[in-house]
Each structure stands twice: as structure tokens, then as C-alpha cells.
Amino acid sequence: MGAPLLRVEDLRAYFHTADGVVRAVDGVSFSLEPGETLGIVGESGCGKTVACLSILRLLDPPGRIEPGSRIMLRDRELTAASEEEMRSVRGNEISMIFQEPMTSLNPVWTIGDQIAETLRRHRRARPAEARRRAAEMLRLMGIGFPEQRLDEYPHQFSGGMRQRAMLAMALACDPSVLIADEPTTALDVTIQAEILDLLAGLQERLGMGLVFVSHDLGVIAQIADRVIVMYAGQVVESGTADEIFRRPRHPYSEGLLRATPRVGRKMQQLSVIPGSVASPKLWPSGCRFHPRCPYAWDRCREELPVLRGEARAVRCWLEEEPARRTGGWDGAALAEDR
Ligand code: SF4
């Protein structure tokens, strides 16, 4: 088998502030194949967005990618690429869309001019050709009367339409990889379902690799082939979507699943993970999840577990001492739900 489309190896992205080093992403590895959807899930503050921005080398100082981290796009090492090379990668080979389209759309440019500009910059398309392609992209995104809508401004579009326009801009140059960072979080559930369907259809049709980031396991379950669960800047579990949703092995993944509504489960069975993610300035000693983990014992407070396994990997001492998995998140109820 050839090289994966995208490979991230031991990515560490730290912010060197006057108050100390903030280890936002701390040794994350994953890969993505063409046509595959990789879901990255975790609460806010787990490092998901910083990891994605790092792939595109878009971290602002004092953030930086630490030496030894590797980001490979096929056989090209992006961590070693010049800024000029990265400008040709962004929006062309790798595109990114965000939760709030207005962070990408310019309010004083028409939608058509913004899509066309991407094509002019990366493909040197002539104005008429760029406009024709921009209209085609809007049509592909399910926007009616695309020729007329090209001349409208972002404020004339609804939230769901803006997200479609941003997708049109991101996909105009046929990127090999699309990174979608919480793209449906700000939308109501009906529009969210439409955008997820659209993304899944486009991906199948265009064969691109999709990295889909969300705090919402329900959304990840709908779209991902494989999943990595991040906590406190690290991967704590990875596997196929089926493995993660049917048989989560890390207590954090279990907790996230228990907090996610599912059809057929009574609302009162939902639970929350107590506490919140610690500050990346001072991750807890030992296992970073131990202050919130119902199974934690002395070893968890003292030793950081290693990520064991490859395609199916778990970072937890319970893998070595399974007999300690007792009680916990009211384990009986979770087992019944599976
Ligand atoms: Fe919980 Fe210990 Fe596993 Fe960490 S290593 S998740 S504290 S059981």
C-alpha cells in the first residue's frame, strides 16, 4: 500500500507565553486515506482545532510546531515547506472550513468574487471561467439560481447558505483533503443534517479525504469511518467508528457516549462527565483524565499511560489492569445500551 494521503506524526504544538509553555497539542499522530472520513472528537480545549490549524501551518505566534513533529501530505513534508509552498497548499490541496462562515467570508465582497478569487489565485483561471466555475460550485452545493446568487453579499445569505457558500469556496480547487472544524455546530438540526448529507455526498463523488472535527459524538457517528478521541492535547483512543461507538475502551470515550442522546434511550439516563478539561498550562500529573475518571487509582495519578495499539489504540492503565474496571460510570447501564 502506498503512503497515506495525510500523515501526522508526533505533532506537538506549544504556545510559548510569558506565563509558561502551553502544550495545546502534545504528541498526536494519525493518518488519512483518500475517500476516508476521520472524525476527531473531544470537548472544547482538548486541542482539536490547534491540531487542524497546525496541519495548515496557520498557528499564530506565540504558537509553534515543535521540532520532531511531522506532517506529510503524501510524500511531501509540510513541516519543512516554505511559506510560499504552504500558500499554494492552502485552499488548493488542503482546504479548511470553520464553524462560523463569516470567519472565512469577506463581508464586503460578493460570494461570486470570493469563490472566483480562489480559482484565480490557485488555478490562474480567467475571470469568465472563474465565474462559470463559481456558479457551478454553488449549484453543486444545492444553492438555487446560482448565477444570480453570485452577485449577493454574505449578509444576504442565511446561516446554512453561508456554510454552503464557504464549502463552495473550499472545494472550488478540488482539494485532496478537506478539514471541517465544527462546521455544523452553529446550525439548527435540520440544516445540520442537510450539510452532513451534502458533505458525505461530495466526498464520495470527489474522493477527497475528510477530517471532521466535532465535540458532538452524534454528528461524528453519522459521518466518520474512523475516529480519534482527544483529551488534554493527546489521543486517548482511536478505532473504527463502529468500535468506538459500540465498544469504547477509554473511560473518557465512555463518558462522552453516556452524555450523548441516542434514539431509544430514556433522557434521564444521560449523564455528564464531572468537572472540565484542565488548563493546558498545567496538565494533571499521570493520566491527564484522572481528576475526572471514576476508575482512577494511585497508578493513574502518578504515571502517564502510553497509547497502546495502532489502528485500535487506547491510552489507559485499565488495558493492563482490567479487573479495576468496576463501578465507574454506572457501568451496568452503559453495557445495556450497547
Ligand atoms: Fe482513568 Fe486511570 Fe485510565 Fe486514566 S489511566 S483513564 S485515570 S483508569
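Treat the numbers as computed from the prediction; the structure is a model and nothing was measured.

A word on the state of the cysteines
Right, on to step 1. Summed over all chains, the structure comprises zero disulfides.
Right, on to step 2. The thiol of Cys 52 is unpaired, and the distance to the nearest cysteine sulfur, on Cys 46, comes to 13 Å.

A few points about the site of the ligand
Right, on to step 1. Cys 287, Cys 293, Cys 300, Cys 316 and Trp 317 are the nearest of the 14 residues found near the ligand.
Right, on to step 2. According to the grid-proximity analysis, the pocket containing the ligand is the largest cavity.
Right, on to step 3. Class assignment of the residues belonging to the shell around the ligand gives a composition of 12 nonpolar, two polar and no charged.

With respect to helix H7 (residues 189-206)
Right, on to step 1. In this model, H7 (18 residues) spans 25 Å end to end at C-alpha, consistent with the 26 Å of a helix rising 1.5 Å per residue.
Right, on to step 2. Taken as a whole, H7 has its buried residues at Gln 192, Ile 195, Leu 196, Leu 198, Leu 199, Leu 202 and Gln 203. Relative to the axis of H7, the buried residues are bounded by an arc of 165° and lie together on one face. Projecting away from the buried face of H7 at angles above 90 degrees are the exposed residues Thr 190, Asp 197, Glu 204 and Arg 205.
Right, on to step 3. At its buried positions, H7 is contacted by strand E3 (37-41), helix H4 (127-140), helix H6 (159-171), strand E8 (177-181), strand E9 (209-214) and helix H8 (217-223).

Observations regarding the packing of aromatic side chains
Right, on to step 1. With the rule as written, the count across this model stands at three aromatic pairs.
Right, on to step 2. Measuring from ring centre to ring centre gives 5.2 Å for Tyr 252 and Phe 289, while their planes differ by 65°; the resulting arrangement is edge-to-face. Taken together, the residues span a long stretch of sequence, with Tyr 252 in helix H10 (residues 251-258) and Phe 289 in the loop between H10 and helix H11 (298-302) at a distance of 37 residues. Grouping residues by exposure puts Tyr 252 and Phe 289 together as buried.
Right, on to step 3. One aromatic cluster is present, built from ring pairs that chain together Tyr 231, Tyr 252 and Phe 289.

Notes on the side chain of Ser 214
Right, on to step 1. Of note, Ser 214 is situated in strand E9.
Right, on to step 2. For Ser 214, a relative accessible area of 2% corresponds to the buried category.
Right, on to step 3. At a separation of 2.9 Å, a polar atom in the side chain of Ser 214 contacts the main-chain amide nitrogen of Asp 216.
Right, on to step 4. Contact partners of Ser 214, with chain neighbours within four places excluded, come to Ile 40, Val 41, Gly 42, Lys 48, Glu 182, Val 219 and Ile 220.

Rules behind the numbers
Residues numbered from 1 in each chain as written. Predicted model: local features only at pLDDT ≥ 70, side-chain atom pairs only at ≥ 80, totals over all residues. Heavy atoms only, no water. Disulfide = S-S within 2.5 Å. Near = heavy atom within 4 Å. 1 Å grid on protein atoms, 1.4 Å probe; cavity = no way out; pocket = protein on both sides within 12 Å on 5 of 7 lines; lining within 4 Å. Sits in = over half its atoms within 2 Å of the grid points. Nonpolar A, V, L, I, M, F, W, Y, C, P; charged D, E, K, R; others polar. Helix = DSSP H or I, 4+ residues; strand = E, 2+ residues; numbered from the N terminus. Expected span 1.5 Å × (residues − 1). Buried < 20%, exposed > 50% of the residue type's maximum accessible area, 1.4 Å probe, protein only. Arc of directions from axis to C-beta. Contact = heavy atoms within 4.5 Å. Phe/Tyr/Trp six-rings, centres within 6.5 Å; stacked < 30°, edge-to-face > 60°. Polar contact = N/O pair within 3.5 Å; in protein donor to acceptor, adjacent residues only side chain to side chain.

Function cannot be inferred from these measures alone, as they are strictly geometric.
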